[in-house]
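Take a look at the letters that make up each chain.
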Amino acid sequence: MILVTGGAGFIGSNFVLDWLAQSDEPVLNLDALTYAGNLANLASLQGNSRHVFVHGDIGDRALVDQLLSTHQPRAIVHFAAESHVDRSIHGPGAFMKTNVEGTFNLLEAARAYWGTLQGEARANFRFHHVSTDEVYGSLKPTDPPFAETNPYEPNSPYSASKAASDHLVRAWHHTYGLPVLTTNCSNNYGPYHFPEKLIPLMIVNALAGRPLPVYGDGQQIRDWLYVKDHCSGIRAVLAGGRLGETYNIGGWNEMANIDIVKTVCKLLDELRPDPAGPYARLITYVTDRPGHDRRYAIDARKIERELGWRPAETFETGIRKTVQWYLNHAEWVAQVQSGAYKEWVAANYQAR
Ligand code: NAD
Ligand code: TYD
């Protein structure tokens with residue numbers, strides 16, 4: 001089996017669902033169920049004996065040791081993290097705890113477990129660390145996209161904590177020989193995306209007739225990757241990536257935020273027209289995010305050259321599937337917007 005951390009979050013749950021749909025190999029899913037973790041994402045796996053869910057913290061060494069020795073996974077795929085830049089600005093502590101200390105704890109537990117393995121089990125073991133393109137900092141308009149060789153220049157508490165975790169993973173390979181792989185990917189979008197991030201926030205706000213808050217001038221550029229393409233990229237690296245290497249995963253889809261928001265509005269106009277008028281009427285420019293990175297772009301040629309991976313979706317096909325998914329899953333949206341979600345929206349948007 002494989003051990004997945006953070007498998008109740010956005011990307012982790014998509015990864016677990018895709019994995020179990022494509023492979024007989026069971027998944028042990030360790031997740032602390034923070035505000036971002038949601039067992040409803042995994043509801044279709046109820047009664048599936050190949051999915052074992054454990055509610056726990058990657059920072060709990062005794063628990064992780066016990067899970068590794070009992071279940072003897074052949075790989076760890078590490079998604080668990082605090083993942084939202086705006087939350088890292090409001091409260092960076094949790095990011096240091098989970099992203100830095102949690103990853104350190106997991107590496108130490110993996111190292112101890114790997115030390116007990118022998119022969120093929122030892123040779124085949126993998127620690128796959130899932131990270132972000134934000135560790136490379138911000139690009140100028142004419143800069144080439146991020147290659148794996150770009151220097152690390154993280155600018156937010158979130159990206160700094162992810163950069164720190166990447167460095168730990170690298171060091172555990174160089175110093176202890178732990179068989180690690182790291183992937184740094186661009187902005188994901190797709191089903192089960194928590195509506196604190198740009199695309200799902202715009203969809204749920206538009207459907208509720210609320211303002212669509214665009215930070216600053218809306219000209220910040222991100223490279224958008226459909227989440228299922230990210231999952232297939234991780235599977236490709238896990239299966240064939242060279243030990244100790246990092247692979248950038250991107251969608252070849254650089255777009256300005258305002259164009260993303262307008263695209264979402266147009267699709268909603270088509271799929272769920274609002275009698276009150278086009279959804280773009282709700283676009284509202286608000287105070288910018290402090291330290292807002294201007295541009296991210298990924299050069300994903302290494303994973304293509306070495307492993308033959310390319311994204312299957314264009315932005316046009318992926319965003320249409322995504323908007324349709326949100327329209328079809330109103331109950332999921334209502335459930336994630338209850339409780340603490342409202343407090344976050346008030347904390348982040350009221351003073352803007
Ligand atoms: P998410 O916030 O949706 O999910 C994170 C999951 O981790 C949640 O289920 C949460 O409960 C769990 N978790 C948090 N702290 C934990 C802890 N201490 N112990 C165990 N579980 C814990 O995040 P996501 O968007 O799915 O991102 C997954 C990974 O991919 C993260 O490492 C993130 O840095 C990385 N990443 C995300 C994106 C993106 O666009 N979403 C882009 C690049 C990289
Ligand atoms: P986000 O989804 O938070 O991802 P990240 O900060 O990791 O790239 O934000 C994507 C972009 O959208 C980013 O440039 C900030 C911007 N943004 C808005 O303009 N308005 C919003 O309400 C949010 C959440 C993000």
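Keep in mind it's a predicted model, so treat the numbers as computed, not measured.

**Focus on the overall build of the protein chain**
Here comes step 1: A count of helices and strands for the protein chain gives 13 helices and 12 strands.
Here comes step 2: A compact globule built from 352 residues would reach a C-alpha radius of gyration of about 20 Å, and the protein chain, at 20 Å, matches this within 12%.
Here comes step 3: Counting only C-alpha atoms, the protein chain reaches 65 × 50 × 40 Å along its principal axes.
Here comes step 4: Here the protein chain, with 352 residues, has 56% of them falling under the buried criterion.
Here comes step 5: In the protein chain, the proportion of contacts linking residues at least 24 apart, taken out of those at least 6 apart, comes to 82%.
Here comes step 6: Total accessible area on the protein chain stands at roughly 14500 Å², and carbon and sulfur atoms take up 53% of it.
Here comes step 7: Of the charged side chains in the protein chain, 32 are positive and 37 negative; the average position of the first set lies 1 Å away from that of the second.

**Observations concerning the packing of helix α7 (residues 198–207) against helix α9 (residues 257–271)**
Here comes step 1: One can describe the packing of α7 onto α9 by two numbers: an axis separation of 10 Å at closest approach and a directional angle of 40°. Overall, the two elements α7 and α9 adopt an arrangement that is oblique. The chirality of how α7 crosses α9 is right-handed. Facing α7, whose interface residues are Leu198, Ile199, Met202, Ile203, Ala206 and Leu207, α9 presents Asn257, Ile260, Val261, Val264 and Leu268.
Here comes step 2: The residue inventory of the contact of α7 with α9, partitioned by class, reads 10 nonpolar, 1 polar and no charged.

**Considerations on the pattern of salt bridges**
Side chains bearing opposite charge may pair, as long as their charged atoms lie close to each other.
Here comes step 1: According to the stated counting rule, one finds 17 salt bridges in the structure shown.
Here comes step 2: Two residues, aspartate 217 and arginine 294, come together in a salt bridge whose shortest N-O distance is 2.7 Å. With aspartate 217 in the loop between β8 (212–215) and β9 (221–226) and arginine 294 in the loop between β12 (283–286) and α10 (301–307), the pair connects residues that are 77 residues apart, well separated along the chain.
Here comes step 3: Residue glutamate 254 pairs with arginine 295 through a salt bridge whose shortest N-O separation is 2.8 Å. Of the two residues, glutamate 254 sits in strand β11 (residues 254–256) while arginine 295 sits in the loop between β12 and α10, which places them 41 residues apart along the sequence.
Here comes step 4: Looking at glutamate 254, the relative accessible area reads 38%, which means it is partly exposed.

**With respect to the sheet that holds strand β7 (residues 187–189)**
Here comes step 1: As summarised here, the arrangement of the 3 strands in space is β7-β9-β11, forming an open sheet in which the pairing is mixed. Edge positions in the open sheet fall to β7 and β11, since each of these has one partner strand only. Strand after strand, the sheet turns through a mean of 50° between neighbouring axes, direction not considered.
Here comes step 2: Bridge count for β7 against β9 is 3 bridges, and the pairing is parallel. For tyrosine 189, the partnering residue across the bridge sits in β9 and is tyrosine 226.

**Details of the UniProt feature "domain: NAD(P)-binding" (unreviewed entry) in the protein chain**
Here comes step 1: Here the UniProt feature "domain: NAD(P)-binding" (unreviewed entry) sits at residues 3–322.
Here comes step 2: Along residues 3–322 one finds 42% helix and 17% strand; the C-alpha atoms at either end are 27 Å apart.

**As for the side chain of histidine 230**
Here comes step 1: Here histidine 230 lies in helix α8 (residues 227–240).
Here comes step 2: We classify histidine 230 as buried; its relative accessible area is 0%.
Here comes step 3: A polar side-chain atom of histidine 230 sits 2.7 Å from a polar atom in the side chain of asparagine 188.
Here comes step 4: If near-sequence neighbours (up to four positions away) are discounted, histidine 230 is found in contact with Ile11, Val130, Cys185, Asn188, Leu225 and Ile249.

Scoring rules and cut-offs
Residues numbered from 1 in each chain as written. Chains lettered and ligands numbered in written order. Predicted model: local features only at pLDDT ≥ 70, side-chain atom pairs only at ≥ 80, totals over all residues. Heavy atoms only, no water. Helix = DSSP H or I, 4+ residues; strand = E, 2+ residues; numbered from the N terminus. Rg over C-alpha atoms; globule rule 2.2 N^0.38 Å. Buried < 20%, exposed > 50% of the residue type's maximum accessible area, 1.4 Å probe, protein only. Contact = heavy atoms within 4.5 Å. Areas by Shrake-Rupley, 256 points an atom, 1.4 Å probe, with all protein chains shown as cover. Lys, Arg positive; Asp, Glu negative; His and termini not counted. Charge placed at Lys NZ, Arg CZ, Asp CG, Glu CD. Axes fitted to C-alpha atoms, helices over the stretch in contact; angles between N-to-C directions. Parallel < 35°, antiparallel > 145°, perpendicular 65-115°, else oblique. Left-handed = near helix turned anticlockwise from the far one by under 90°. Nonpolar A, V, L, I, M, F, W, Y, C, P; charged D, E, K, R; others polar. Salt bridge = Lys/Arg side-chain N within 4 Å of Asp/Glu carboxyl O. Pairing = 2+ DSSP bridges. UniProt positions renumbered as here; feature names shortened; annotations may be inferred. Polar contact = N/O pair within 3.5 Å; in protein donor to acceptor, adjacent residues only side chain to side chain.

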